[in-house]
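# Examining the three-dimensional arrangement
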Amino acid sequence: MTTEEIQKKIEQAIPGARARVSGADAHYEALVVAEAFEGKSLIERHQMVYAAVRIEMASEAIHALALKTATPGEMS
């Protein structure tokens, strides 16, 4: 699994999301910025991202995924 593949899956699953993914060897980290996170708790935001890659996590193509999530306003 490449960082680009993970990025694409996240961005397709969360409308308007922009993701930056780094890492290798099944250990990744991602910064995901999306308006869809507005009003959501940290846990809800992470659940949204994990849902996008649940198959890859179950198959251990992704063993670890460290997340930072924000709304566009939180990034300004």
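First, a word on what this report is: a plain description of the structure on this page. (Residues numbered from 1 in each chain as written. Predicted model: local features only at pLDDT ≥ 70, side-chain atom pairs only at ≥ 80, totals over all residues. Heavy atoms only, no water.)

Before going further, it helps to spend a moment on the overall build of the protein. Scanning the protein from N- to C-terminus turns up four helices and three strands. Secondary structure elements of the protein occur, N-terminal to C-terminal, as α-β-β-α-α-β-α. Taking 11 Å as the expected radius of gyration for a compact globule of 76 residues, we find that the protein reaches 12 Å, a close match to that expectation. Each of the three principal axes of the protein carries a C-alpha extent, and together these read 30 × 20 × 20 Å. Each of the 76 residues in the protein was classed as buried or not, and the buried ones make up 36%. Nonlocal contacts in the protein, meaning residues at least 24 apart in sequence, comprise 51% of its contacts between residues at least 6 apart. For the protein, the exposed surface amounts to about 4700 Å²; the carbon and sulfur share of it is 51%. Both charge centroids of the protein, one from 8 positive and one from 11 negative side chains, sit 4 Å from each other. (Helix = DSSP H or I, 4+ residues; strand = E, 2+ residues; numbered from the N terminus. Rg over C-alpha atoms; globule rule 2.2 N^0.38 Å. Buried < 20%, exposed > 50% of the residue type's maximum accessible area, 1.4 Å probe, protein only. Contact = heavy atoms within 4.5 Å. Areas by Shrake-Rupley, 256 points an atom, 1.4 Å probe, with all protein chains shown as cover. Lys, Arg positive; Asp, Glu negative; His and termini not counted. Charge placed at Lys NZ, Arg CZ, Asp CG, Glu CD.)

Moving on, we get to helix H2 (residues 42–52). When H2 is considered as a whole, its buried residues turn out to be Arg-45, His-46, Val-49 and Ala-52. For H2, the buried positions fall inside an angular range of 115° around the axis, keeping them on one side. Facing away from the buried side of H2 by over 90 degrees, the exposed positions are Ile-43 and Gln-47. (Arc of directions from axis to C-beta.)

In this structure the tally under the stated criterion is two salt bridges. The residue Lys-9 makes a salt bridge to Glu-56 at a minimum N-O spacing of 3.0 Å. Taken together, the positions of Lys-9 in helix H1 (residues 3–13) and Glu-56 in helix H3 (residues 54–58) put the pair 47 residues apart, joining distant regions of the chain. Residue class for Glu-56 comes out buried when judged on its relative accessible area of 11%. Glu-74 is the salt-bridge partner of Arg-45, the closest N and O atoms lying 3.0 Å from each other. Pair noted here: Arg-45 is in helix H2 and Glu-74 is in helix H4 (residues 72–75), with a separation of 29 residues, a long-range link. Assessed through its relative accessible area of 8%, Arg-45 is described here as buried. (Salt bridge = Lys/Arg side-chain N within 4 Å of Asp/Glu carboxyl O.)

Attention now moves to the sheet that holds strand E1 (residues 18–24). Read across the open sheet, the three strands follow the order E1-E2-E3; overall the sheet is mixed. Two strands in the sheet have a free side with no partner beyond their single neighbour: E1 and strand E3 (64–70). Looking at each pair of strands side by side, their axes are set apart by 15° on average, direction ignored. Relative to E1, H1 is tilted by about 150°, and along the sheet it contacts E1 and strand E2 (27–33). The strands touched by H2 are E2 and E3; relative to E3, the strand with the most contacts, the crossing angle is about 125°. (Pairing = 2+ DSSP bridges. Axes fitted to C-alpha atoms, helices over the stretch in contact; angles between N-to-C directions.)

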